[in-house]
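Letter by letter, the chains look like this.
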Amino acid sequence: MPASDTLAEYRRKRNFHTTREPRGEDRSESGPKPRFVVQIHDASTMHFDFRLEVDGVLKSWSVPKGPSGDPHDKRLAVPTEDHPLDYRNFEGVIAEGEYGAGTVIIWDEGTFRNRSTDKRGREVPFAEALERGHASFRLNGSKLHGDWALTRFRQGDGGEREAWLLVKSRDTDGARRHTPDPHRARSVRSGHTLGQVAALEGEAE
């Protein structure tokens, strides 16, 4: 399915006359390696947005407690609408009255590699792995490293929302980094906290 079709819900929810979020019309953002971004979003409920580049869009999950580097921690991840690739550059304040109003910082970013395989050990394309409900991947970010997996445990039938688990695999890569305090966490791009980004945008108005 073309990326322009998968972004219909994203665009429907936003008024681009009042939000600075990208509309997603620039398709030049795709690079040689698929990328990921983790944004902290201080909306009506504080959460982390975990996004992976797949087929020209950012497949996205809301992770309330944020990713944990401890393999014992199983983090709930709720799918949200696909986002455009250039959303990985968005850091700032979403205006009051807009969908997702609140402050966003880019907590981590980098590239990832598909490590999904079938029972015979053959690689499964990443989009197909997600469709099947279990995808393994290796992150190479500034803060998150090593092997991770997303596993769907609820289909979203009967009025329930689809739900996944985000879990760090047992590997030797990187420190067992626990989830940071989102109020104290700093952007990997600007070095600012959520409060500092909100204050700077307030001064600019």
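Look up a bit, the structure's there.
Thoughts on the pattern of salt bridges
Pairing is possible between side chains that carry opposite charge, provided their charged atoms lie close to one another. Under the defined criterion, the tally for this structure stands at 14 salt bridges. One salt bridge in this structure joins Lys 13 and Glu 9, with 3.2 Å as the shortest N-O distance. Owing to a relative accessible area of 22%, Lys 13 belongs among the partly exposed residues under this scheme. Between Asp 82 and Lys 59 there is a salt bridge, and its shortest N-O distance comes to 3.1 Å. Highlighted residues: Asp 82 in strand β4 (residues 75–83) and Lys 59 in strand β3 (residues 57–63), separated in sequence by 23 residues.

Comments concerning the pairing of strand β7 (residues 134–141)
Pairing geometry for strand β6 (residues 102–114) and β7, over five bridges, is antiparallel. Bridge pairing links Thr 111 to Asn 140 in β7. Relative to strand β8 (residues 145–154), β7 runs antiparallel, the two sharing seven bridges. Bridge pairing in β8 links Phe 137 to Trp 148. The turn joining β7 and β8, which pair antiparallel and follow one another in sequence, is formed by three residues.

As for the packing of aromatic side chains
This model, assessed by the stated rule, comprises nine aromatic pairs. A centroid spacing of 5.2 Å and a plane angle of 50 degrees characterise the contact between Phe 112 and Phe 126, whose relative ring orientation is tilted. Pair noted here: Phe 112 is in strand β6 and Phe 126 is in helix α3 (residues 126–132), with a separation of 14 residues, a long-range link. Like Phe 126, Phe 112 is buried.

As for the nonpolar core
A general tendency of soluble globular proteins is for nonpolar side chains to be buried together. Of all hydrophobic cores here, the largest spans 29 residues; its most connected members are Phe 50, Leu 52, Phe 137, Leu 139 and Leu 150. The dominant element in this core, judged by the number of residues it contributes, is strand β2 (residues 46–54), at five residues.

Points about the environment of Glu 128
Tracing the backbone shows Glu 128 in helix α3. Sequence separation between Glu 128 and Val 197 is 69 residues; the distance between their C-alpha atoms is 37 Å.

What about the side chain of Gln 39?
Within the secondary structure layout, Gln 39 lies in strand β1 (residues 35–42). A relative accessible area of 0% places Gln 39 in the buried class. A polar atom in the side chain of Gln 39 sits 2.7 Å from the side chain of Arg 51. Within the structure, the side chain of Gln 39 is placed 3.0 Å from the backbone oxygen of Tyr 87, a separation counted as a polar contact. What Gln 39 contacts, discounting residues up to four positions off in sequence, is His 47, Phe 48, Asp 49, Arg 51, Tyr 87, Arg 88, Phe 90, Val 104, Ile 105, Ile 106 and Trp 107.

Brief notes about unusual backbone geometry
With phi around 50 degrees, Asp 55 is a residue other than glycine that occupies positive phi space. Structurally, Asp 55 can be placed in the loop between β2 and β3.

Looking at the pairing of β1
For β1, the tally of buried residues reaches seven of eight residues, placing the bulk of the element in the interior. Here β1 pairs with β6 via eight bridges, running antiparallel. Bridge assignment links Arg 35 to a residue of β6, and that residue is Thr 111. Counted along the chain from β1 to the antiparallel partner β2, the turn is three residues long.

Section: the environment of Ala 149
Its place among the elements puts Ala 149 in strand β8. Sequence-wise, Ala 149 and Ser 136 are 13 residues apart; in three dimensions their C-alpha atoms are separated by 4.3 Å. Residue contacts for Ala 149: discarding those within four places in its chain leaves His 134, Ala 135, Ser 136, Phe 137, Leu 165, Leu 166, Val 167 and Ser 169.

What counts and what doesn't
- Along each chain, numbering runs from 1 in the same order as the chain's sequence is written.
- Residues qualify for local features only when their pLDDT is at least 70, as the model is predicted, and side-chain atom pairs are given and counted only at 80 or more; totals for whole chains, interfaces and linings, by contrast, use all residues.
- Excluding hydrogens and water, the side-chain values take into account all heavy atoms of the structure.
- What makes a salt bridge here is a side-chain nitrogen of Lys or Arg within 4 Å of a carboxyl oxygen of Asp or Glu, nothing more.
- Only protein chains enter the accessibility calculation, which uses a 1.4 Å probe. A residue is then buried if its area is under 20% of the maximum for its type, exposed if over 50%, and partly exposed in between.
- Strands are runs of DSSP state E lasting at least two residues, helices are runs of H or I lasting at least four, and both sets are numbered from the N terminus onward.
- A pair of strands is considered paired only if DSSP assigns at least 2 bridges between the two.
- Any two rings among Phe, Tyr and Trp, with Trp reduced to its six-membered ring, count as a pair given centres within 6.5 Å; such a pair is stacked if its planes are under 30 degrees apart, edge-to-face if over 60, and tilted if neither.
- Nonpolar core, defined: a set of buried Ala, Val, Leu, Ile, Met, Phe, Trp, Tyr and Cys residues in which side-chain atoms within 4.5 Å join the residues together.
- In protein, a polar contact means a hydrogen-donor-capable atom and an acceptor-capable atom, both N or O and within 3.5 Å, with residues adjacent in sequence counting only if both atoms are side-chain atoms; elsewhere, any N or O pair within 3.5 Å suffices.
- Every residue pair with non-hydrogen atoms within 4.5 Å of one another is taken to be in contact.

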